[in-house]
Amino acid sequence: MSIPQSGGGLVEHYDQLVQYLSDGCKPRSDWKVGTEHEKFGFFKDTLKPIPYNGKGSVKSLLVGLKDNYGWEPVFEAGNIIGLTKDGANVSLEPGGQLELSGAPLASIHETCDEVNTHLNQVKNIADKLGIGFIGLGAAPTWKHHEMPLMPKGRYRLMTDYMDKVGTMGKTMMYRTCTVQVNLDFESESDMVKKMRVAIALQPVSTALFSNSPFFEGKLTNCKSWRSRVWRDLDASRTGTIPFIFKPTFGFERWVEYALDVPMYFVYRDGKYINALGQSFRDFLKGKLPALPNELPTLNDWADHLTTIFPEARLKKFIEMRGADGGPWRSLCALPALWVGLCYNQSSLDAAWDLVKTWTSQTREELRVEAANKGLHSKVGKIKMIELAREVIAIANEGLKARCIPSSNLKFPDETHFLDALKEVVESERTAADKLIELYRNNWNQDVSKVFDQHSY
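In what follows, the accompanying structure is described. Worth saying up front: this structure is predicted, and the values here are computed from it rather than measured.

## Topic: the nonpolar core
Among the nonpolar cores identified, the biggest contains 153 residues, and Leu201, Leu208, Trp254, Leu337 and Trp338 are the most heavily contacted of them. With 11 residues, the single largest contributor to this core is helix α6 (residues 188-208). Beyond its immediate sequence surroundings of up to four residues, tryptophan 338 is in contact with Val181, Leu183, Val197, Ala198, Leu201, Gln202, Ser205, Met320 and Tyr343.

This is the structure in structure tokens:
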């Protein structure tokens, strides 16, 4: 989740909220790729999650990255809670999951180099502390009472609120990890088509990257337990947002949706002020109970937009949010998939042609089945494995058309980043399928063996 946002001055007119989003429009020549990924840290000797404080801890990892690699620290109430460098930032999820929010970069070659550099830096520090990291969509063995709480005010507020609005909010916060990619749009109409393709095809991403079949030391009935968790979190701010397929969808319609999402907090002077369940519409009138007689700033609006969690999210860019966290290699495959689909017009049009006749019910059923059965899902006449093959083929053509070579000219384009996904559909076995097979045949049903299989 995000560090405090920056967005501008006082909001005096409703149109400023719409303008904030439309200011994200960029010419194609300026489109970038931003990759984010989360990972679980654990002690190698005990396989338990690492705390915030101590010799081997989240704090010591952040300090090590700062001291050894020139990252600038971010503090809250005197605690180091993040790092920034060259447009990227490292932040903490509620249970100590370490997240890299990558800089906006021109190609997947660059974003993959960034991911590799980050993981190598983290590994160099972690190895000295007896810490390992594991790439999974859900914590495989830990229970909630074992998880630490990071010293971030927004997480304390959210933790208290989650049980009031759903059954799995705290599970999401403390025991899940994802990888996502952030992409640009050229215009409102371009944003609309990308959002529609993104929402419709997130189940394909969920299926391809399914990597969380275990939870609390047991095999679940899901290939992506992380995706299952999101279905019982908070209906007011999650899901497949059917209104984006209506003719009225655009920047203003998203603003209306966001204004209806209950608030979490307001950030002032380094502190998070409790605004749980309150209305941003009241804030616009100077009637927010948490801050009476004050109007919001664009920073407040930017912060509020980070508390909305649908399968694809609109800010000044679009976030693709359907994939489980995974092993090192898969972290470059996700941006390759979505860049291939969205950054070439012919590919975007082809992707839209695949999904434009689907009903809201079809999209939701695909989301549910993707979590449950992964690539072996079927909804009506739609077979997930066949759909995934079509989607990867379209993405492949989109990356070919971009024709961006690697800096050393070893690769003429970015299509090789899809190789991991091509192997998945050729074998019809995702990471989750392989883990389930190992659990049943090699591990004597001991889930803890996954720490050897999927550690960085």
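## Some words on the pairing of strand β15 (residues 318-324)
As a general feature of sheets, a regular strand has side chains that alternate between the two faces. Most of β15 sits out of view: seven of its seven residues are buried. Sheet analysis places strand β7 (residues 178-183) next to β15, joined by five bridges and oriented antiparallel. Paired with valine 179 across the two strands is alanine 323, which belongs to β15. In this antiparallel pair of consecutive strands, strand β14 (residues 312-314) and β15, the connection spans three residues.

## Thoughts on empty space enclosed by the protein
Under the criterion given, the structure shown has two cavities of 30 Å³ or more. When its volume is computed, the largest cavity comes out at roughly 60 Å³. Lys44, Leu119, Val122, Lys123, Ala126, Asp127, Ile131, Gly132, Phe133 and Tyr456 together form the lining of the largest cavity. Within the residue set of the lining of the largest cavity, elements represented by two or more residues are α3 (108-128) and β6 (131-134). Considering each element in turn, the lining of the largest cavity owes the most residues, five residues, to α3. For the lining of the largest cavity, a count of residues per class yields six nonpolar, one polar and three charged. There is about 40 Å³ of room inside the second largest cavity. Surrounding the second largest cavity, Phe40, Gly41, Pro49, Ile50, Gly95, Gly96, Gln97, Trp142 and Met147 form its lining. Looking at the lining of the second largest cavity, its residues break down into five nonpolar, four polar and no charged.

## Points about the layout of surface pockets
As a volume, the second largest pocket reaches approximately 330 Å³. Elements represented by at least two residues in the lining of the second largest pocket include exactly α11 (330-342), α15 (419-427) and α16 (431-441). Ranked by residue count, the leading element in the lining of the second largest pocket is α15, at four residues. In the lining of the second largest pocket, the residues fall into nine nonpolar, seven polar and four charged.

## Examining the environment of aspartate 452
For aspartate 452, the location among the structural elements is in helix α17 (residues 450-453). According to the relative accessible area criterion, aspartate 452 is exposed, its value standing at 70%.

Parameters and conventions
Starting afresh in each chain, residues are numbered from 1 along the sequence in its written order. Owing to the predicted nature of the model, reporting of local features is limited to residues with pLDDT of at least 70; listing and counting of side-chain atom pairs is limited to 80 or more, with chain, interface and lining totals taken over all residues. Side-chain metrics rest on all non-hydrogen atoms present in the structure, leaving aside hydrogens and water. Residues belong to a common nonpolar core when they are buried Ala, Val, Leu, Ile, Met, Phe, Trp, Tyr or Cys residues joined through side-chain atoms within 4.5 Å. Relative accessibility thresholds used throughout: buried, under 20% of the residue-type maximum; exposed, over 50%; partly exposed, between the two (1.4 Å probe, protein chains only). Starting at the N terminus, helices and strands are each numbered in turn, a helix being any DSSP run of H or I of at least four residues and a strand any DSSP run of E of at least two. Residues count as neighbours in contact if any of their non-hydrogen atoms are within 4.5 Å of one another. Criterion used throughout: strands pair if DSSP finds at least two bridges between them. Any residue with an atom within 4 Å of a point lines the site, the site being either a cavity, points on a 1 Å grid over the protein atoms alone where a 1.4 Å probe fits but cannot get out, or a pocket, an open set with protein on both sides within 12 Å along at least 5 of 7 lines. Grid points are joined across faces, edges and corners, and a volume is the space filled by probe spheres set on the points. Polar here means any residue other than Ala, Val, Leu, Ile, Met, Phe, Trp, Tyr, Cys and Pro, which are nonpolar, and Asp, Glu, Lys and Arg, which are charged; Gly is therefore polar.

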